[in-house]
Amino acid sequence: MKRFNFYLKYAWRSVLRGGQRTFFAVLCVAVGVASLVALQSLAASIRDTLTSDIQARAGGDIVAKGSSFTSSTDSNTGSNTVTPQAQQYLDGLKANGRIVDWTSISFNNIQIRGYFSLPPSLYTVDPARFPLYGKIEMVEPSGGDFHRLLAEPNGIIVSRYLWDKNNYKLGQEIEVTGSANNQNSVNKAGRLKIVGMVKSDVPGVPFDSGTIFGFGLISPPTAATFLEAETSSTQALSYYFKTPPGANNDALRREISSAAQPAGTEYRYLPNLFYNVQTAAEIQEQISTQLNNVDYLLSIVGLLAILIGGVGVINTMLVVIGRRTTEIATVKALGLKNRQTILIFTLEAVILGLLGSLLGLVLGVALGFGVKGVAEGLFFRPLNWGLYPGPLIIGFLVGTITSGVFGFLPSYGAGRVRPATVLRQQTTALPRIGGWTTVLIICLMTLVMGLIAGVLINALTLGIVIAFVTLLVLLLLTAFMYLAVFLTGKLPAPFGPSFKMAMRSFSRHRGRTATTLLVMTTGLFFITFIVIIADSIKTSLRQTFDVNLGFNVVALNLLGNQTEQLLTSFQKDVPGLQKIFAGNSISANIQAVNGQTPNAANAPTTRGPGGSTVGLGGNSSISLSGRALANGESISPNGPQTLVAGRNLSSADANKQVLLVSEDEARRLGVKVGDRVTIQLYGNSFGPAQPGVQRSAARTEDFEVVGIVRQGTSSIQFERGWVAPFKVVADAGINFSIFYMLVDRAQIKPALTQVQTQLVGGYVFDLGDLIDTFSRILDQVLAFPLLLSLLSLFSGAILIANNVALAMLERRTEIGVLKAIGAKRRRVLNILLWESSLVGLLGGLIGVGFGVVLALLVPTLASVGGRGSSSANSIPITFSLISVGLLLALGIGLAVFATVVSAWGAIQEKPLVVLRYE
């Protein structure tokens, strides 16, 4: 024990004597531990949010979907209620004590007058029963009673997104319209009063588009005022069941799943009342399984951050031991054994890890709260937060163990110091450890890190595999960086003596510089790639909607037989209307080309029963688009098209069965101008036939190909590869149409309001608003990976500061001599700044350069992944040279800042003091 106390005191005093180098080594570890703690805490927060109080999140002890045809309208209770058969069955379960209570929720999309973004979701719930579990907290009015507020006549409670986007106030009335669903429906509107506002995360409300684009909650009587019975009957109900304590929920789930429709009813194709019946425990297990991948990702990213701290420990220990070889030789000459020397310096590394881990825990808690705020945008809901003991314990242990493991290699080198050689020759160089010994130690270090990773992801074998794969990748990348440093050191130095000395110092420790470059490059690479992709998507959307398409308003009309009347009405009444044309589409199958099965060798193939090939290589299903003319001109809603062969559609083709075919589709099926294509059409449907969907019977027609076109310049495809005249597609029995309009932006609001007023069932979209909405979502989704990349870049800056501090320690004599012969502090600092700027510039050139290259390759990779699909379907990659320059400046700026912080104190030292004691 006395010996261990000696070892511990010796190591602790060495740490205290370290000063600035100790601080930056501790900071390297702290940044890694903070990242691990923050990401582990985030994983715990996500799991806690999504799996805790699962009855409230799922809606009940058992959750079931009602068939799409079990809802009906009752004049007393309103729209989207339950059929008598389902009502009888559910009340029977409650009467015999099998369940305590039940409730339901239904879904519709609505159009809000004066609101022209993606339609919000509308949920109809019973305020007396909903929710069965949990409590809905009102944001406005604060502390309000959800049940009482929702029961108010014609009241609606909206989500925060709708509240903020429209600047709603309590008591404000809004006009809402339920979309009609058949040709005889009327456009029923209702005036609803906003009685409250809630957050997007509401017990019992499913995570769907409403969570992202906003939703409202109403009662069944309120729904009856404006929702059509036919509309509600197409929407599925979700049923929530509350069971008695100790009930066998699995047995009850099986019973509910097999509940049959009463004999003699019309629902022959839907024999059961419910489907997709699950217990809350099953839902919790599914969510937990899905979250495992999130846990793996965040744990691995955190471990990579720890590796950066380990590199800082290695660098620090190598310099420290190199500076103290005389001291080591002296104490060994006095009787200290090799293993004792190794133990002392390993303890020193462990102490650095302990201090760094403790600091990292504090930083990790603060960082975790910030990461949580960013992740909430990714998950579109607030996350629970607290001090989770698991991440704190893991961060502390992993940081300490990693420091000890990484400090073992230089400590082993200290143990090999030979007192006679050092004291005789007064050398400060560390003895060579040996190639095979080094490899063995590195493999053992990797094995330990693999075991740590395996514990974190609950898979030891996988953790070890990941560790060794990571080692291989890091070795290859470090070798590349080493080569880059070597080649840079061979370049001419045209900027005077300071730059020449900086170039020499830059190449002096290539391994250390290479690892620093790797960290800087990784951060800048991911930041560049994410920024370019995000900017390209936004630019593509804006160019598509503002330039390429030639229109800025889209109106979806769900009653196709009203198209001609609406066209006439819009042209007369809509202010600022400059252009308008209509489109539609229908599901179809290609049967033959010129009477023969076409050549679809390039199409993906699927196998049917018995291994037979399905259709045209499994790709015979198409969407046949209908196109109307705009002032006698055939215009594609996909943007300007290039005619490759044949002619465009004309007014004379209005009732003819003619086709425009995209170049890609024509090449795939070997179609040419003049060919006759046999197509099977399905009316009244957006897709293949579904049980119980009333639509006109499929029919087969022959079409003549009159033109081959190259797809439009837009990355959004309103039309697919097959286009026919609008009236021909409409006559096949479809029940919707789309109006494309170009409206003067100065009159966009009154124009959209007028369109919304005249539209009989449907939705109106301002494409400019959609751009802003999707940009917001994109920013939220990409903010999290961008934050992780910034953490890597910050870690690189800390590593640079550590390396500069170590360089100051190594070059004290050199700096003292320079100052003794007349060099000013400014000259010394210039040398260091040149050196760090080279690291930042080289890291920026490599990281930003590879980020740009990979981003530019994305369309090609997407085309290859899409089996040669047209590049028109991919997003064109664009980037600003100013953005690239700013990213390069970011890398250089961080390196310069880290240098000034770490070197400022060292260059103030007097040369007399240095030369006397060095």
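Residues numbered from 1 in each chain as written. Predicted model: local features only at pLDDT ≥ 70, side-chain atom pairs only at ≥ 80, totals over all residues. Heavy atoms only, no water.

### A closer look at the overall build of the protein chain
Alright, step 1. A count of helical and extended segments in the protein chain gives 28 helices and 23 strands.
Alright, step 2. Within the protein chain, counting contacts between residues at least 6 apart in sequence, those at least 24 apart form 82% of the total.
Alright, step 3. Counting only carbon and sulfur atoms, one obtains 60% of the accessible surface of the protein chain, whose full area is about 40,400 Å². (Helix = DSSP H or I, 4+ residues; strand = E, 2+ residues; numbered from the N terminus. Contact = heavy atoms within 4.5 Å. Areas by Shrake-Rupley, 256 points an atom, 1.4 Å probe, with all protein chains shown as cover.)

### Digging into the pairing of strand S1 (residues 62-66)
Alright, step 1. Counting buried positions over the five residues of S1 gives four, a clear majority of the element.
Alright, step 2. Inspection of the sheet shows S1 paired to strand S11 (residues 274-279) by four bridges, in the antiparallel sense. Paired with Val63 across the strands is Gln278, a residue of S11.
Alright, step 3. Looking at chain direction, S1 and strand S10 (residues 237-242) are connected through four bridges and run antiparallel. If you follow Lys65 over to S10, its bridge partner there is Ser238. (Buried < 20%, exposed > 50% of the residue type's maximum accessible area, 1.4 Å probe, protein only. Pairing = 2+ DSSP bridges.)

### A closer look at the packing of aromatic side chains
Alright, step 1. Per the counting criterion, the structure on display carries 16 aromatic pairs.
Alright, step 2. Pairing Phe551 with Phe581 gives two aromatic rings, centres 6.2 Å apart and planes at 85°, and the pair type is edge-to-face. Pair noted here: Phe551 is in the loop between helix H19 (510-548) and strand S12 (553-557) and Phe581 is in strand S13 (residues 577-593), with a separation of 30 residues, a long-range link. Phe581 carries the same exposure label as Phe551, and that label is buried.
Alright, step 3. Ring-pair connections join several aromatic residues into one group, and the members of that group are Tyr89, Trp102, Tyr239, Phe241 and Phe274.
Alright, step 4. A cation over a ring is seen here: Lys242 above Tyr133, with NZ or CZ 5.2 Å from the ring centre. (Phe/Tyr/Trp six-rings, centres within 6.5 Å; stacked < 30°, edge-to-face > 60°. Lys NZ or Arg CZ within 6 Å of the ring centre and 35° of its normal.)

### Observations concerning the nonpolar core
Alright, step 1. In terms of nonpolar packing, the biggest core is built from 41 residues, with Leu42, Phe130, Phe146, Ile157, Leu217 and Phe784 touching the most fellow members.
Alright, step 2. Aside from chain neighbours lying at most four places away, what touches Ile157 is Met138, Phe146, Leu149, Leu150, Val195, Gly196, Met197, Val198, Phe215, Gly216 and Leu217.
Alright, step 3. Counting residues in hydrophobic clusters, the runner-up holds 35 residues, among them Val31, Ala514, Met520 and Leu838. (Core = buried A, V, L, I, M, F, W, Y, C linked by side-chain atoms within 4.5 Å.)

### Observations regarding the pattern of salt bridges
Alright, step 1. This structure, assessed with the given rule, holds 22 salt bridges.
Alright, step 2. With its nearest N and O atoms 3.1 Å apart, the salt bridge here joins Asp201 to Arg57. Of this pair, Asp201 sits in the loop between strand S8 (189-198) and helix H7 (209-213) while Arg57 is found in helix H3 (residues 54-58), placing the two residues 144 residues apart along the sequence.
Alright, step 3. Classification of Asp201 by relative accessible area gives partly exposed; the value is 25%.
Alright, step 4. By relative accessible area, which is 23% here, Arg57 ends up partly exposed.
Alright, step 5. For the salt bridge of Lys193 with Glu152, the shortest nitrogen-to-oxygen distance reads 3.6 Å. Linking Lys193 in strand S8 with Glu152 in the loop between helix H5 (146-150) and strand S6 (155-159), this pair joins segments that are 41 residues apart in sequence.
Alright, step 6. On the basis of relative accessible area, Glu152 is assigned to the partly exposed category, the value being 22%. (Salt bridge = Lys/Arg side-chain N within 4 Å of Asp/Glu carboxyl O.)

### Description of the environment of Leu524
Alright, step 1. Here Leu524 lies in helix H19.
Alright, step 2. Accessibility expressed as a relative area gives 0% for Leu524, which makes it buried.
Alright, step 3. Taking the C-alpha atoms as reference points, Leu524 and Leu793, 269 residues apart in sequence, are found 6.6 Å from one another.
Alright, step 4. Once you skip the residues sitting within four places of it in the chain, Leu524 turns out to touch Leu793, Gly843, Gly844, Gly847, Val848, Leu887 and Gly891.

### Some points on helix H13 (residues 338-379)
One turn of an α-helix holds 3.6 residues; hence residues three or four places apart share an orientation.
Alright, step 1. The largest bend along H13 measures about 25° and falls at Gly364.
Alright, step 2. Looking one or two residues past H13, Phe380 carries a phi angle of roughly 55°, positive in sign. (Bend = angle between axes of the 7 residues up to and from the residue.)

### A few points about the pairing of S6
Alright, step 1. Within S6, five of the five residues are buried, which leaves the element mostly enclosed by the surrounding structure.
Alright, step 2. Examined bridge by bridge, S6 and strand S9 (residues 215-218) share two bridges and lie antiparallel to one another. The residue bridging Ile157 from the neighbouring strand is Leu217, located in S9.

### Re helix H10 (residues 249-257)
Alright, step 1. Every buried residue belonging to H10 is among Asn249, Leu252, Arg253 and Ile256, and all of these are buried. Viewed end-on, H10 has its buried residues packed into an arc of 105°, placing them on one side of the element. (Arc of directions from axis to C-beta.)

### Focus on the environment of Leu483
Alright, step 1. Locating Leu483 in the fold gives a position in helix H17 (residues 460-489).
Alright, step 2. For the pair Leu483 and Gly511, spaced 28 residues apart in sequence, the C-alpha separation works out to 9.9 Å.

### Concerning unusual backbone geometry
Alright, step 1. Of note, the amide linkage connecting Phe130 to Pro131 takes the cis form, showing an omega dihedral of -5°.
Alright, step 2. Position of Pro131 relative to the elements: it lies in the loop between strand S5 (121-125) and H5.
Alright, step 3. The amide bond that connects Glu140 to the next residue, Pro141, takes the cis arrangement and shows omega of -10°.
Alright, step 4. Residue position: Pro141 is located in the loop between S5 and H5.
Alright, step 5. Unlike most non-glycine residues, Asn154 shows phi in positive territory, near 55°.

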